[in-house]
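Chain by chain, the residues run as shown.
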Amino acid sequence: MSWRSLTNSKTAPIASRPQSSALEAQGRRSRWSATAREGGAVAMATRARPWQLCSAGSAGAVALATSGAASAEGPGRPGQLQDETLGVASVPSQWRGVQGIRGKTKGCQTASIATAEACAQTQKHADAEVQTEAPVPAGVLPASQHDSPRLAAFLRRVEAIVIRELNKNWQSHAFDGFEVNWTEQQQTVTCLHTLGYPPAQGQGLHVTGVSWNTTGSVVACAYGRLDDGDWSTLRSFVCAWNLDRRSLNPRQPSVVVEVPSAVMSLAFHPTQPSHIAGGLYSGEVLVWDLSRPEDPLLWRTGLTDDTHTDPVYQVVWLPERRHSHRFQVLSVATDGKVLLWQGVGAGQLQLTRGFALVMQQLPRNTKLRKPHRGETEVGATAVAFSSFDPSLFVLGTEGGFPLKCSLAAEEAALTRMPASVPLRAPAQFTFSPHGGPVYSVSCSPFHRNLFLSAGTDGHVHLYSMLQAQPLTSLQLSHKYLFAVRWSPVRPLVFAAASGEGDVQLFDLQKSSQKPTVLIKQTQDESPVYCLEFNCQQTQLLAAGDAKGTVKVWQLSTEFTEQGPRETEDLDQLAAEVAI
Amino acid sequence: MAEVEETLKRIQSHKGVIGTMVVNAEGIPIRTTLDNSTTVQYAGLLHQLTMKAKSTVRDIDPQNDLTFLRIRSKKHEIMVAPDKEYLLIVIQNPCE
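Nothing here was measured: the structure is a model prediction, and the numbers come from that model. (Residues numbered from 1 in each chain as written. Chains lettered and ligands numbered in written order. Predicted model: local features only at pLDDT ≥ 70, side-chain atom pairs only at ≥ 80, totals over all residues. Heavy atoms only, no water.)

K.L.:
If you had to explain the overall build of chain B to someone new, which residues and values would you point to?
P.N.:
When helices and strands are counted, chain B shows two helices and five strands. Each helix and strand of chain B, ordered N terminal to C terminal, gives the series α-β-β-α-β-β-β. Looking at chain B as a whole, 44% of its 96 residues are labelled buried. At a minimum sequence separation of 6, the contacts of chain B that also span at least 24 residues come to 37%. Total accessible area on chain B is roughly 5100 Å²; 54% of this is exposed by carbon and sulfur atoms. (Helix = DSSP H or I, 4+ residues; strand = E, 2+ residues; numbered from the N terminus. Buried < 20%, exposed > 50% of the residue type's maximum accessible area, 1.4 Å probe, protein only. Contact = heavy atoms within 4.5 Å. Areas by Shrake-Rupley, 256 points an atom, 1.4 Å probe, with all protein chains shown as cover.)

Here you go:
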């Protein structure tokens, strides 16, 4: 900085601090601080004669100060206004004495940023694919001879301690009443989603079937009408929503399949997450692949001699006998036929086995209404397979009596219906009837002998396979009951869909007379036609009603967590078989 | 040979025991009273858990070692007696 600018900026404070500057000027020898405090002309002290400069400067400063002080007194005494000439304050110029102005310019500059360019490019790449395979069942090592002595010695060592622990455990009360809650407890039943397809709802279609897929994240529903008595040419839809997607729009399904005839039932494939089978009002059975939106139809039965002549009310996927990872479709219709289809080649479903129900061939253990003359078919409206015996199934019929049937039946059916494979009579046992057609049956996943049936008389019957009379009969509704399902996690819980528009959840442990929870699905009492539990996310229950909406309910924790004694209680219930 | 079977039968016939199995050091079951798939599942999982428990005990105190492992669940209790070469797994339902 130049001494000139310093002079200009520093002239002001001189008058205010005369004394201090004089003192400082004498006391200090440092170049910079002295110049900053002294008179304006003394900008920078130099090496030559610093103290001479100081004294001159201070004298000048003092002179200036005194004259300034004198003038400052003026305005305080108004009586003595007088003109005064002040002495000239001279400050000797120092510019000749200033030698060698030392200035230093300093600059700074950021160093230039070093940049370098480099590119990377993969030269080689490898493709790899991952595919899950069905697990190879591992086996137990057979008992080998040479291991025996070491094995015996080991068992001798540990037997005592194990027996002691077993005894202690049997008598221990340490864990009585001790329960751990791993998940957040949900106290009430809430409606998670309300799904609907507006074009189908606009046509007044009902939801006739719902199904969850094998991963538990997609729910599909079928639209049709359940109260059509005549041949219907209604176009209908199969819609699927993926509930795990963030962009779930309840009014816009992720997949919509248009079907030429009303779909009466749906079933997702047990291992393929996108294959779904549907039974139509026209008697056809179709299988779609929902992952191909432009052409979802995989297989169809077509309208051959083999096809059902009546609406197909239920379809079920069954594992093949020899290759348990391949599946076939079983369809059940009111023309009395139970048909097993296999998908072959160019999209055609071929009949592999067939059964026909004829009135005369039904087992006579229960007294039924007298059959008319001639063979009469028994219309089947529902089917449920036992989870313990894969060839055993229960059929619900229009006559109101459930039938115990077997896939391995050999007796030929006395029917004149044409078919490419010989039709057999599957019925082995007849149970005592409901007051009206049975619309739904469900076999318990926890007990091999128990199953439920629900019918138009509003009753739910709990049957044991061992006797014809039901173990209990509960009246749930004054209108029809359309669906009943056992819970996949709680052995004593089942859900029923009624014609009064509600879903009733029964917990046989709590009360066997009235429902534990009554969920009102529709506001105007239009019936709920179908319901399904989600086997993967066990707290979800989907129910479809006559207004064309599917509601996904989240159940409270008491319906999803098994208590410690439930299987025993169920066994006890089943053991009440009247001898 | 007979001694092995007798010992296992004694344990299996104890009050409340649902299943017994003997697993070798690699986690492969040698003797079992349950069905194949359940046995293989129990053997694989419990073998890993026993190894983990053993290393936990040894890490805390190198002079210490695992003698017995018990897992109590809502439905039953699983007891594992570990050894250098074998594992004895007993599943008991302690409901009174």
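K.L.:
For the nonpolar core, give the residues involved together with the corresponding values.
P.N.:
Residues and elements named next belong to chain A. Ranked by internal contacts, the top residues of the largest apolar core, which has 22 residues, are Cys 221, Tyr 223 and Trp 241. Every element with two or more residues in this core is listed here: strand E2 (206–212), strand E3 (218–224), strand E4 (236–242), strand E27 (528–533), strand E28 (540–545) and strand E29 (549–554). Core analysis: the second largest hydrophobic core is formed by 21 residues, Met 359, Val 378, Leu 395 and Cys 405 among them. (Core = buried A, V, L, I, M, F, W, Y, C linked by side-chain atoms within 4.5 Å.)

K.L.:
Kindly report on the pairing of strand E5 (residues 255–259) of chain A, identifying the contributing residues and their values.
P.N.:
Residue and element names in this part refer to chain A. The alternating pattern of E5 places Val 255, Val 257 and Val 259 on a buried face and Val 256 and Glu 258 on a face that is not buried. Relative to E5, E4 is paired through five bridges, and the arrangement is antiparallel. For Cys 239, the partnering residue across the bridge sits in E5 and is Val 256. (Pairing = 2+ DSSP bridges.)

K.L.:
Pulling in residues and values, what's your account of the pairing of strand E12 (residues 337–344) of chain A?
P.N.:
Residues and elements named next belong to chain A. Counting buried positions along E12 yields six of eight residues, so the element is predominantly enclosed. For strand E11 (residues 327–333) and E12, the ladder comprises four bridges, and the chain directions are antiparallel. Looking at the pairing, Leu 330 lines up with Leu 340 of E12. Where E11 folds back onto E12 in an antiparallel hairpin, the turn is made up of three residues, including Gly 336, whose phi is positive at roughly 90°. Alignment of E12 against strand E13 (residues 348–356), held across eight bridges, turns out to be antiparallel. Bridge pairing in E13 links Leu 339 to Gly 354. In sequence, E12 turns back onto E13 through a hairpin of three residues, with Gly 345 there showing a positive phi of about 30°.

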